[in-house]
Structure formats: C-alpha cells, structure tokens
Amino acid sequence: MVLATAETTTTLDFGPAVALSCRECGTRYPLGPSFACIECFGPLEVAYTWTSPGDGPAATVTRRQIEAGPANIWRYRSLLPVPSDVLTKRNLAPGWTKLVKADNLARELGLRSLHVKDDSGNPTHSFKDRVVAIALEAARTFGFHTLSCSSTGNLAGAVTAAAARAGLDACVFIPADLEEAKIVMASVYGGRLVGIEGTYDDVNRFCSELIGDPLGEKWGFVNVNLRPFYGEGSKTLAFEIAEQLGWRIPDQIVIPIASGSQLTKVDKGFRELIKLGLVEDKPYKIFGAQAEGCSPVAAAFKAGHDIVRPVKPDTIAKSLAIGNPADGPYVLDIARRTGGAVEDVTDAEIVDAIRLLARTEGIFAETAGGVTVGVLRKLAENGVLDPDAETVVLNTGDGLKTLDAVSAHARPTAVIRPSLNAFRTAVADNS
Amino acid sequence: MSVSVRIPTILRTYTDGASEVNGEGATLREVLQKLDADFPGIGARILDETGKIRRFVNVYVGEEDVRFADGLDTVTPDGVQISVIPAVAGG
C-alpha cells in the first residue's frame, strides 16, 4: 500500500530496517508510509536485518558501542529504523530519562526493589517525544513537509515541538475538551491545532479519513501512516530500563495502556535485547494499567476474552481515554504469555496514587502516571505482584499537564499574616 | 436504501481508485453483500473467513462504530454514509 509519496523503495536509508511486515499474516512490504496490511488489515511493523534469516547480516551491536553514544535515544540508533546519519539531524533528542530508585514508595507498598522510569523529563514532558523522534526521521526520509497526528494531548505537543525544531509545518488534532495545559503546549510551538468535538476515537476516525483525502494525503501522520516507525520509539524505554539496571531486564514491569502500543513495544524491545545477546535471557512479567472509566483491555483480560470490546471513555485520565485500543489484543497476548495481568483503578484511586508518588518520591505524575502507580499499588495489595521481585513502573507524563486532577486536594496548609504569632497559631491548629 | 460507502486507501484497488461509492441495503450486512457484488473480492478484505468484521477494521454507520450498534445487523438509513477504516494505534 502506498498512501502518500511515490517513494517506497528499500534503498532509502533506514539503518538496520529492511521491510514492513504484517503482524497478523506476515506479508511483507517495502519500507514506506504504510500502516495496514492489504491482505488482512493487520498492523505493519518494522522488520530488521536480525528479524529473520536472509534479511542480511545480523546486527553486531555491543554494549560498549551503545554506552559510547549520546545521552538520548540515539545511543540505540543501530536498533532503530532511522538514517545512519541521524546524529547530524535537527531534532529534540529525547530519552535517557531518569530511572529513579523508589525506596520510599517500595516500603509503603511492601516491595523489595522498585524503580520509577520517569519520562516526564523529556523535552515536552511526556514519553511521546520518543515515538515522535523516530516518526520525524521517517517523515523527512519520505519527503513530507507537514507533520500531523490525532492525539489525546501529549502527542500533539510532541509533534508541534518536533516540527518546530526540524523546520516542518505541523497540523495536529485533539478532542476539544482536553486539559488546558495540553492545549497550551500543543499550540505554543506554532503550527495549527484543531480541536474536534468528540472523543479521541472520533479524532482518530477523522484523521484516518483525512489521510485518504487530497487535503491530507501528503502529510506525515505520526500515528497513522508513519505508525510502524513511530511505534519503534517506545522500544527505547525497554532499552534504557535494561541498560540503567546494569544490562538486566526487570522481573516485572507495570505499563499504562491507551492504544496498547507502548506496552507491546516495550516487550518487543526486551525480546530484541535478548535476541541480540545484549542482556541475559530470563522470564519477565508485563502488567497493563487502565482507568476504570476506560478499561476495555482490563475487562477482556479479566473475562478471559481474546477480543477487546470498545467502550465510551469517562475518566480523568484523558491521555489513556482510548475506547477502541488498536493494540488491545496484543496486550492480552503479552500479559498472558509473560504471566502478567491487566488491572484498572477508579478516578479516586488515580488521584490518591498521584499524591502517593509525589509524597514518597518527589515525582509529580500526570493522570496516566496515577493510573499506573494506582494499579501497581492494587496489584501489590492483592498479592499479584511478587514483593521480592525487581519491579519497574512507568511514569509517562508530567503532573503539571493535569493540575486539575489534584488541585482540590493540594492546597496551602494555612494562609496567615506575616507574623510569628500567626504562624504559631497556625502550627498549633495543625499539630 | 441508498447509501454511500467511503473506501480506505488500501481497498481502492477494488474500486478503481474511487474513495467513495454508492451502496444499497437495509442493513450493513446487505450493504457489504452488494458492495462485494459490485466490486468482487472487497468483501473478503473487510470480513474474515467466519463472516465477522475483521478485528483490525472499524466500520462506522454515520457517526457510530457498529460495534456499539448491532454489528452487521446495524440498520443503514437512506442516505447514510458508511466508513471503513483500518484500526489506528497511538494517541
């Protein structure tokens, strides 16, 4: 399938990537701005020289080569579908965010070893900078001059910022009722920001139709026609976690689910590290986290279903409010294959978890992080997580983007006149 | 009932490049049957071997995802627009 440009030849420089491959039926296509299999509509994924025999020489990537790279995702460029000269390109160079040893939170939850991978430290304060960086390189390689996306907010900001840095035009689409901070972030970098009256699923549908129309057919939609490349950016979370743990995969990891793409790519990243001999082969469990107001994958997991029935979202965790998650079936497969689970928490539990993480570790998560930490807590309390196993939980965005969720609960302890007596009284009242 | 069907890019080889075609039928099932009669082979791309909508295809009647309605039995009023769209991840 060719969606936009005439260029779909494998002679384009995508580093170790050699083809696109259907995740459902295995049909292969040249590297191009394509995302769905002509045979079965299955999602296309990037195939590498090491994916199957005959695709060329297997990668000879070493830990030392990676460690000598820059402190951003491009240290893993030999494992990503990006041009060989990516280090010379103008981009936001995201990644290499902190892996915080969370002893205080671990103690509170009764866990022996816990880390928080804190992606609020990225240039636009969410993990989306990782995926957009890869999609941006694909957009440039295919000759697109406008970068676009459907978004619940974080992606929109990441796209407009990346386009600004790269000197491309941007036009992004969001549900009109998003959090104020995300609207500001998506518009401040320039380009066009279009609010759609409806849910994210409505925005997604609109963009999918726009891409087939002359209006949008020459645009690079990072999560539509560039999706196979975009998705690979999430693997860098797996790479960084393993490297930051001393080239070791954690025993268990808790990951938020919106479309499910991130969770599936973290699993893919771990498996590639094993396949390339960069880490020891060992079992690991992947747990998915959803908000109760949008938990179609958790519902399917608990019911033992293979099919995810779409829902109409109603939750404060708007960045996870995707009622029809395209990668949901794969999340179910991975959770079951690894011995993990998919769980959900209420809006009240999300707010409690945001405050818990902030209070124990000094990390202010957005609502998606509250979902993930809330599910971590629930799984620990229910005995589903092994308390002695090495655990990692993802925080994918900054709490400053979703202040409204906690603003009613985070107020001044007291408001007083500037006098010692007034403070003594206030302290006495609060002691 | 006379309806219009929006065709995704990857199926336009069946419709000679047309992005939108006319359809007929009182339900989505009937519309898809007529569509396959007019453009042989297109039905098997949208439906799997058991006759169900493929899991990575979203079909809308008007604004509504048919999974929220009656699936293939969803009524297709005269003049309604039907959209066939590959599932898309991300956000």
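Residues numbered from 1 in each chain as written. Chains lettered and ligands numbered in written order. Predicted model: local features only at pLDDT ≥ 70, side-chain atom pairs only at ≥ 80, totals over all residues. Heavy atoms only, no water.

1. Quick notes on the side chain of A:N154
Residue and element names in this part refer to chain A.
Okay, so step 1: Along the polypeptide, N154 turns up in helix α4 (residues 154-166).
Okay, so step 2: For N154, the side chain forms a polar contact with the side chain of K401, separated by 2.7 Å.
Okay, so step 3: Sequence-distant contacts of N154, that is, excluding residues within four places in its chain, are made with S126, K128, K182, S319, E366 and K401. (Helix = DSSP H or I, 4+ residues; strand = E, 2+ residues; numbered from the N terminus. Polar contact = N/O pair within 3.5 Å; in protein donor to acceptor, adjacent residues only side chain to side chain. Contact = heavy atoms within 4.5 Å.)

2. Examining the interface of chain A and chain B
Okay, so step 1: Counting residues at the interface gives 43 residues for chain A and 28 residues for chain B.
Okay, so step 2: There are five salt bridges connecting chain A and chain B.
Okay, so step 3: Among the salt bridges present, the one from B:E64 reaches A:K312, with a minimum N-O distance of 3.7 Å.
Okay, so step 4: Residue assignment for the side of chain A that touches chain B shows that the elements contributing at least two residues are α6 (200-210), α7 (227-232) and α11 (328-338) of chain A. (Salt bridge = Lys/Arg side-chain N within 4 Å of Asp/Glu carboxyl O.)

3. Comments concerning a nonpolar patch on the surface
Okay, so step 1: Residues A:V184, A:V188 and A:Y189 make up a contiguous nonpolar surface patch of about 260 Å² in total accessible area.
Okay, so step 2: Along the chain, A:Y189 turns up in the loop between α5 (180-188) and β8 (192-196). (Patch = residues over 30% accessible without salt bridge, like charges linked within 9 Å, V, L, I, M, F, W, Y side chains within 5 Å. Areas by Shrake-Rupley, 256 points an atom, 1.4 Å probe, with all protein chains shown as cover.)

4. Side note on the environment of A:G246
Okay, so step 1: The residue A:G246 is located in the loop between α8 (235-244) and β10 (252-256) in this model.
Okay, so step 2: Taking the C-alpha atoms as reference points, A:G246 and A:S126, separated by 120 residues in sequence, lie 24 Å from one another.

5. Comments concerning the sheet that holds strand β7 (residues 169-175) of chain A
All names here are of chain A.
Okay, so step 1: Read across the sheet, four strands follow the order β8-β7-β6-β9 without closing on themselves; strand pairing throughout is parallel. If you trace the sheet from one side to the other, it starts and ends with β8 and β9 (220-221), each paired once.
Okay, so step 2: Relative to β8, β7 runs parallel, the two sharing five bridges. From the neighbouring strand, I174 faces β8, where its bridge partner is G195. (Pairing = 2+ DSSP bridges.)

6. Regarding the confidence of the model for chain B
Residues and elements named next belong to chain B.
Okay, so step 1: Looking at chain B, the pLDDT average stands at 91 and 97% of residues meet or exceed 70.
Okay, so step 2: Looking at the elements of chain B, mean pLDDT is at its lowest for strand β4 (residues 64-65), recorded as 86, and at its highest for helix α1 (residues 28-38), recorded as 96.
Okay, so step 3: Scored as a whole, the predicted complex attains pTM 0.93, and scored at its interfaces, ipTM 0.85. (pLDDT = per-residue confidence, 0-100.)

7. Notes on the nonpolar core
Okay, so step 1: By size, the foremost hydrophobic cluster in this structure holds 123 residues, and its most contacted members are A:L79, A:L105, A:F229, A:I253 and A:L376.
Okay, so step 2: Residue-level mapping places this core at the junction of two domains, with at least three residues from each of domain 1 (99-123 + 229-409) and domain 2 (127-227) of chain A.
Okay, so step 3: If we ignore the near neighbours within four places in the chain, the residues touching A:L105 are A:L114, A:L356, A:L357, A:T360, A:E361, A:V373 and A:L376.
Okay, so step 4: One finds B:V31, B:L32, B:L47 and B:V66 within the second-largest nonpolar core, a separate group that totals 41 residues. (Core = buried A, V, L, I, M, F, W, Y, C linked by side-chain atoms within 4.5 Å. Buried < 20%, exposed > 50% of the residue type's maximum accessible area, 1.4 Å probe, protein only. Domains from an automatic or database assignment.)

8. Focus on the UniProt feature "modified residue: N6-(pyridoxal phosphate)lysine" (unreviewed entry) in chain A
Okay, so step 1: According to UniProt, the "modified residue: N6-(pyridoxal phosphate)lysine" (unreviewed entry) feature falls on A:K128.
Okay, so step 2: With respect to the helices, strands and loops of the structure, A:K128 is situated in helix α3 (residues 128-142). (UniProt positions renumbered as here; feature names shortened; annotations may be inferred.)

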